[in-house]
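# Fold and geometry: a report
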Amino acid sequence: MSNATSGKTDGGMPAGDGQASAEQRPPIVINAQYVKDFSFEAPTAPAIFPQLQRQQPDINVKVDVQARALDVANSFYEVLLQISSECKVGDDVAFVVELTYGGVFTLNVRPEDVRPVLLIECPRLLFPFARHVVATATMNGGFMPLMLGPIDFVNLYQSQAAEAQGGSEPVTLV
């Protein structure tokens, strides 16, 4: 049986000088994910539980995304997805959960695409994991799991950009 050459080395890697070109590298690499800061409080437990049986709670959720360069020369960035939620029954606070979930990313994108990728695509990749942390914490706190719905990170990015242009506090990438 003859060996046909297919342009690949024995290890399945493309034949050549071993240097991967920029076009062959993935545009986004997740190097690490982690809980940077987390807090859960149930200040009125256990008295709040009977109230939850009688009355629909009011749940407010706030989401923010921040990004900063860790090593620009190597395209390393930290992205933080901050989620805070307060659940109230009437005037009583049932629980408060605050999570800062982070990721370290390597980007291989054009310079003009770095900011949107950091503030749209990277948090989109982190969100399912942050959602799980919030749901598990509220369930372990004795409540129904808080299942966060999908977040439109494009709209969030556009809103932040519009606020920055409107004269309010600028959204900066440090």
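All of the points below concern the structure found in this document. The structure presented is a predicted model; accordingly, all values stated were derived computationally and were not measured. (Residues numbered from 1 in each chain as written. Predicted model: local features only at pLDDT ≥ 70, side-chain atom pairs only at ≥ 80, totals over all residues. Heavy atoms only, no water.)

## Quick notes on the overall build of the protein chain
- Scanning the protein chain from N- to C-terminus turns up three helices and four strands.
- Shown N-terminal to C-terminal, the secondary structure of the protein chain runs as helices and strands in the order β-α-β-β-β-α-α.
- Out of the 174 residues belonging to the protein chain, those deemed buried represent 26%.
- For the protein chain, the share of sequence-separated contacts (at least 6 apart) that also reach a separation of at least 24 residues comes to 68%. (Helix = DSSP H or I, 4+ residues; strand = E, 2+ residues; numbered from the N terminus. Buried < 20%, exposed > 50% of the residue type's maximum accessible area, 1.4 Å probe, protein only. Contact = heavy atoms within 4.5 Å.)

## Focus: helix α2 (residues 114-140)
- Across its 27 residues, α2 extends 38 Å between first and last C-alpha, which sits within 8% of the 39 Å expected from 1.5 Å per residue.
- Its maximal kink placed at F127, α2 deviates by approximately 40 degrees, while the proline P128 follows within four residues.
- Positive phi appears at G142, one or two residues downstream of α2, with a value of about 100 degrees. (Expected span 1.5 Å × (residues − 1). Bend = angle between axes of the 7 residues up to and from the residue.)

## Here's the deal with the pairing of strand β2 (residues 58-71)
- Inspection of the sheet shows β2 paired to strand β3 (residues 76-89) by 13 bridges, in the antiparallel sense. Counted as the bridge partner of A69 is Y77 from β3.
- Between β2 and β3, which pair antiparallel one after the other, the connecting turn spans four residues, and S75 there sits at a positive phi close to 60 degrees. (Pairing = 2+ DSSP bridges.)

## Details of the sheet that holds strand β1 (residues 28-41)
- Across the sheet, which stays open at both edges, the four strands sit in the order β1-β4-β3-β2 with antiparallel pairing between neighbours. Of all strands in the sheet, those bounded by a partner on one side alone are β1 and β2. Taking the axes of each pair of neighbouring strands and ignoring which way they run, one obtains an average angle of 15 degrees across the sheet.
- Both β1 and strand β4 (residues 92-107) contribute to a ladder of 12 bridges, which runs antiparallel. In the strand pairing of β4, S39 is matched with E98.
- Taken strand by strand, α2 contacts β1, β2, β3 and β4, and its axis lies near 140 degrees from that of β4. (Axes fitted to C-alpha atoms, helices over the stretch in contact; angles between N-to-C directions.)

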